[in-house]
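An overview of the molecular structure
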Amino acid sequence: LASARPHRAVRLRRPTSWLAAGLVPVLLSALPLALGEIAVMEGDTTTEMYLNGVFVRKYSALPILPLNNMRKQLAFNNTIAVYKTSANIQGGDVIAVKVRSRRSLIQPIVDVLGELYNYSGYSGVIASFSDGIMTSKEWKCTQDHAEPETPDDDYIPWFSPLFRDEGWPQAVEQDPNCCPWRDTNRAWIRLNAKWISAPWYGNYTNERLFYCRYRVPVVGDAHPLKLTVGEGGRLPTPETLESRLFFSKAVGCQNMYTLVEGACLRIDAE
């Protein structure tokens, strides 16, 4: 039989400070991961990232890169950058990336046997997000976009969620063996992310500058609108119910339909 004697309360001595208790480093290290998404991205050679039109800064609070790798990858002096969004990524959000390469068009590489080979100096980007999003051919990339030097009031920039990218081609997944100077530490080997770029035609290598966009799928999305390249980036005039629907979160639904709780419902014209 269990003893009927009540347990004596044990009084814990209160630490003189949170720091003395060793709790502050734990709390501070966990807090940044609780809000927003962590992304690791590498550009050949530089990248800019936007989420829903907002520039995402590089995140320097993590000394070790969050990669599924057996080998520890230090963030210091690494070509892989860490980004942190201010909010969790949801369906319908738009991730936009600008990639610029400083690499020469021809890359001479000497192999372990001393043989010299000339490789195409491809520009590219690879990324993985903490919610499972990765770069692949599902993204859209173009090297033909040009931002105006003096945009007018109606212009919508390429990184805006309202920008029409239906005329952009699908991204090209580059051959893993195309560029032996990449990932020499095998940091990306345990992730399924792909090196991607805009498609190119006829040249020995691709352009030094290209743009990519990825619209996070929404459950129940219909097929996107089939718009021409010339329609990208501008609100149709005169403004109508139809054009307003194009620029709403319902842009994934067919003409005159809007996305409501995962289903495309018809909206009657005015």
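In this text, all values refer to a predicted model and were calculated from it rather than measured experimentally.

What follows deals with the sheet that holds strand E2 (residues 46–51). Strand order in the open sheet formed by five strands is E3-E2-E5-E12-E9, with antiparallel pairing between adjacent strands. Each edge of the open sheet carries a strand with a single partner, namely strand E3 (54–56) and strand E9 (140–142). When the angles between neighbouring strand axes are averaged without regard to direction, this sheet yields 25°. Here seven bridges tie strand E5 (residues 94–100) to strand E12 (residues 209–215), and the two strands are oriented antiparallel to one another. Residue Val97 lies in a different strand from E12, and its bridge partner there is Cys212.

The grouping of Leu105, Ile106 and Tyr204 at the surface amounts to a nonpolar patch, some 290 Å² of accessible area in total. For Leu105, the position within the fold is in the loop between E5 and strand E6 (106–110).

Now for the packing of aromatic side chains. Following the criterion strictly, the structure yields eight aromatic pairs and no others. With 4.2 Å between their ring centres and 5° between their planes, Tyr50 and Phe159 make a pair best called stacked. Taken together, the residues span a long stretch of sequence, with Tyr50 in strand E2 and Phe159 in the loop between E9 and strand E10 (172–173) at a distance of 109 residues. On the basis of relative accessibility, which here comes to 19%, the residue Phe159 falls in the buried class.

Cut-offs and rules
- Residues numbered from 1 in each chain as written.
- Predicted model: local features only at pLDDT ≥ 70, side-chain atom pairs only at ≥ 80, totals over all residues.
- Heavy atoms only, no water.
- Pairing = 2+ DSSP bridges.
- Helix = DSSP H or I, 4+ residues; strand = E, 2+ residues; numbered from the N terminus.
- Axes fitted to C-alpha atoms, helices over the stretch in contact; angles between N-to-C directions.
- Patch = residues over 30% accessible without salt bridge, like charges linked within 9 Å, V, L, I, M, F, W, Y side chains within 5 Å.
- Areas by Shrake-Rupley, 256 points an atom, 1.4 Å probe, with all protein chains shown as cover.
- Salt bridge = Lys/Arg side-chain N within 4 Å of Asp/Glu carboxyl O.
- Phe/Tyr/Trp six-rings, centres within 6.5 Å; stacked < 30°, edge-to-face > 60°.
- Buried < 20%, exposed > 50% of the residue type's maximum accessible area, 1.4 Å probe, protein only.

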